[in-house]
Amino acid sequence: MIWPEPLYHAHDIFRETPMTDPKKTDLKTKILSAVQGDLAAIETALTRHLAPHFELVSQVAGHILFAGGKRFRPLLTCLAARLCGLDDPKTAEFSIIFEYLHAASLLHDDVIDEADMRRGRPVAGKVWNNAIAVLTGDFLMSRALSIAMDTGIHRILKIIADVTNNMSQGEIQQLARKGDVTLTQAEYLEVIHYKTAVLFEGACHAGGLLAGADSSRCEALSTYGYHLGIAFQMADDLLDYTQDLATLGKRAGADLREGKMTLPLIHALSRASEKDRDQMVSLVGKPDFSDGEFSELVEKLYHYEGIAYTQAQTTRHADAAKTALSGFKDGPDRELLMLLVDYAHHRQS
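Residues numbered from 1 in each chain as written. Predicted model: local features only at pLDDT ≥ 70, side-chain atom pairs only at ≥ 80, totals over all residues. Heavy atoms only, no water.

Asker: Is there a simple way to think about the overall build of the protein chain in this case?
Answerer: Broken down by element type, the protein chain carries 16 helices and two strands. Taking the intrachain contacts of the protein chain between residues at least 6 apart in sequence as the baseline, contacts between residues at least 24 apart amount to 78%. Summed over all atoms, the accessible surface of the protein chain reaches about 14800 Å², with 53% contributed by carbon and sulfur. (Helix = DSSP H or I, 4+ residues; strand = E, 2+ residues; numbered from the N terminus. Contact = heavy atoms within 4.5 Å. Areas by Shrake-Rupley, 256 points an atom, 1.4 Å probe, with all protein chains shown as cover.)

Okay, structure coming up:
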């Protein structure tokens, strides 16, 4: 299928969480101006490799792939490869492995979570049906594997195997602990590592492998990706309590309604009085709580420092991501990787 132009514009890369603060707007503008070429190549590759035998598969895959999104993961592969000395247009072709894996996970997650909205529009399962959404996710995973084969690098296939293995386990763990108010911070970190950070790690590591970097550099890139992924997810978890549909692409409090225990709530529950804790717990997994009930909960998250603590932890991981790049030479690609950390970090506010 040939997708009509324009499919997706580079300036839309961060449209899910608009930034009104001038400093943040300047940050976004600076990043976008530097990665225009990468984004164009990534979009072209995403379209070219989306070539199934059936038109319906293209429509469903396109519904999630071209509905917006930050292209964080393929950008990380391109930037990591250049940081290690590889400046080859073909890198964009391989970078989309991680965007396909990400899109597949979103299709599957929306079915599991019985979600209604994703990126401000109905999820694929609502437009078509859940079976078609799941099978399209499977198709995208198989396309990712096919593209990985074309790299000729065995270790990249191992990365994909590990990523899909860990993502599946993370989803199972989150599902098993849905609504479980005894979930600890350590257990939460394990879940978001497997569900989110492994893709960031894999994208960065693959960029190093494509460039032929040594093991120490690949490990540093993986460490960067891990901490960036954790910071990114923590910031996202904060947005669930602080943003609305217009900016977040889904209704605020969606995680709470689904019974997902995230760090702002976990930390606040550990500090709350018995009365307040009982009130907060009563809303976990409650699909029909009122706006007033949600506002009261958010007030308690602030009062018991669940928001502040999560912001501090996000900052800690953002700083660790930057530290992981300390062994690389200064230059435009290292600076961009640093700026991506700043962007992920500042999504929380």
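Asker: Mind showing me how you'd approach the nonpolar core here?
Answerer: Nonpolar side chains in soluble globular proteins tend to be buried together. Formed by 76 residues in total, the largest nonpolar core has its most connected members in Leu65, Leu76, Ile97, Tyr100, Leu140, Tyr224 and Leu228. The contact partners of Leu76, leaving out residues within four places of it in the chain, are Phe200, Ala203, Cys204, Tyr224, Leu228, Leu337 and Leu340. Within the second largest apolar cluster, 29 residues are counted, among which are Tyr188, Met234, Ala252 and Leu283. (Core = buried A, V, L, I, M, F, W, Y, C linked by side-chain atoms within 4.5 Å. Buried < 20%, exposed > 50% of the residue type's maximum accessible area, 1.4 Å probe, protein only.)

Asker: Any chance you could explain the environment of Lys260 here in plain terms?
Answerer: As for its position among the elements, Lys260 is in the loop between helix H11 (254-257) and helix H12 (263-271). With a relative accessible area of 12%, Lys260 lands in the buried category. Taking the C-alpha atoms as reference points, Lys260 and Lys178, 82 residues apart in sequence, are found 5.4 Å from one another. The contact partners of Lys260, leaving out residues within four places of it in the chain, are Asp113, Gln174 and Asp255. There is a polar contact of 3.2 Å between the side chain of Lys260 and the side chain of Glu258. (Polar contact = N/O pair within 3.5 Å; in protein donor to acceptor, adjacent residues only side chain to side chain.)

Asker: Is there a simple way to explain the confidence of the model for the protein chain in this structure?
Answerer: Atomic detail in the predicted coordinates should be set aside for any region of low pLDDT. Scored by pLDDT, the protein chain comes out at a mean of 87, with 89% of its residues at no less than 70. Below a pLDDT of 50 lies the segment residues 1-19, which in the model reaches 51 contacts outside its immediate sequence neighbourhood of four places, other chains included. (pLDDT = per-residue confidence, 0-100.)

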